[in-house]
Amino acid sequence: MRAIIKRIEEALISKELKPGDPLPSENEMAKTFGVGKTSVREAIKMLEAMNVVEVKHGNGSFIKQKADVDNINSLIFTLLLEQGSNKEIFELREMFEPAYTVMAMKKATPEDIENIRNAINRLENAVNQGTQQADDDLAFHYAILESTHNPFVIRIGSTILQLFKASLGTTMKNMPEIAVRDHVRIFNAFCDKNEEELRQAMNDSFNAWKNSLMKNENITI
């Protein structure tokens, strides 16, 4: 079963297989890999669960045309189960988020700018009403992420942000006004296309966020 999955992975990387392409029949794969049909079926089921393959009953199995973004993201569970240290997890965000934010700054359209501004306004309104939640904070980061217009960056970035949803909830509880202030500063640098100020604003925001967690959640970084 693993050999079949690995072979299909290699075929996708080399472009030997492309989205929408049919897979060989069960008989052909069983013969090629020297395994029984049961192993082939198990491999197909695994690939289907991984959102790689689509089974069309009566027509065979096909590489999916497009990944279903609403499907379970196995990468999130993989990262969670790795049980990395807090320091390693925070380093991941500090490395990745400034990079995609600078990319977004260079590629953002007027519509993207408006979406980011609206996210800040929604957060500020929620804070004023005392109803702020982690999702109110995340909306700002997702709006920037979408502004990269790069599906790979968006997918990976969304996964990383989900890992921090709980900690952002702590920030929203303990220092919502500071979060709003930091978002506005980041946004102003973003609009001015001032990369140096943008990176500094993000660094200061990260430090405030980490200090809040260390103080309120007894997290060691």
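Everything discussed here concerns the structure shown above.
The rules behind these values
- Residues numbered from 1 in each chain as written.
- Predicted model: local features only at pLDDT ≥ 70, side-chain atom pairs only at ≥ 80, totals over all residues.
- Heavy atoms only, no water.
- Core = buried A, V, L, I, M, F, W, Y, C linked by side-chain atoms within 4.5 Å.
- Buried < 20%, exposed > 50% of the residue type's maximum accessible area, 1.4 Å probe, protein only.
- Helix = DSSP H or I, 4+ residues; strand = E, 2+ residues; numbered from the N terminus.
- Contact = heavy atoms within 4.5 Å.
- Expected span 1.5 Å × (residues − 1).
- Arc of directions from axis to C-beta.
- Phe/Tyr/Trp six-rings, centres within 6.5 Å; stacked < 30°, edge-to-face > 60°.
- Lys NZ or Arg CZ within 6 Å of the ring centre and 35° of its normal.

Membership of the largest hydrophobic core comes to 33 residues, with the highest contact counts inside it found for Ile144, Phe190 and Leu198. Among the secondary structure elements, those contributing two or more residues to this core are helix 5 (86-107), helix 6 (110-129), helix 7 (134-146), helix 8 (151-163), helix 10 (176-192) and helix 11 (195-216). With residues near it in sequence (within four places) discarded, Leu198 still touches Thr101, Val102, Met105, Ile186, Ala189 and Phe190. Residues Met29, Val40, Ala43 and Ile63 belong to the second largest nonpolar core, which totals 15 residues.

What follows covers the side chain of Ser61. The residue Ser61 is located in strand 2 (residues 60-63) in this model. Setting aside residues up to four positions removed in sequence, Ser61 forms contacts with Asp21, Pro22, Leu23, Ile44, Val53, Glu54 and Val55.

Here helix 6 contains 20 residues, and its C-alpha end-to-end distance of 29 Å stays within 8% of the 28 Å for a straight helix at 1.5 Å per residue. For helix 6, the set of buried residues is Asp112, Ile113, Ile116, Ala119, Ile120, Leu123, Ala126 and Val127. For helix 6, the angular spread of the buried residues around the axis is 155°, confining them to a single face. Facing away from the buried surface of helix 6 by more than 90 degrees, the exposed residues are Pro110, Glu111, Asn128 and Gln129. Once helix 6 finishes, Gly130 follows within two positions and takes phi at roughly 70°, a positive value.

On to the packing of aromatic side chains, then. Inspection of every chain in the model, using the stated rule, returns three aromatic pairs. Taken together, a centroid distance of 4.9 Å and an interplanar angle of 90° make the contact between Phe90 and Trp209 edge-to-face. Remark: Trp209 occurs in helix 11 and Phe90 occurs in helix 5; sequence separation between them is 119 residues. Measuring from centroid to centroid gives 6.4 Å for Phe206 and Trp209, while their planes differ by 55°, and the two rings are tilted. Remark: Trp209 and Phe206 occur in helix 11; sequence separation between them is three residues, near one turn of the helix. Trp209 shares its class with Phe206; the two are buried. Feature note: the residues Phe90, Phe206 and Trp209 constitute an aromatic cluster, connected by ring pairs. Geometry around Phe62 places Lys56 over its ring, the cationic atom sitting 4.8 Å from the centre. Over the face of the ring belonging to Trp209 we find Arg93, whose NZ or CZ atom lies 4.4 Å from the ring centre.

So far we have only geometry, and geometry alone does not tell us how the molecule works.
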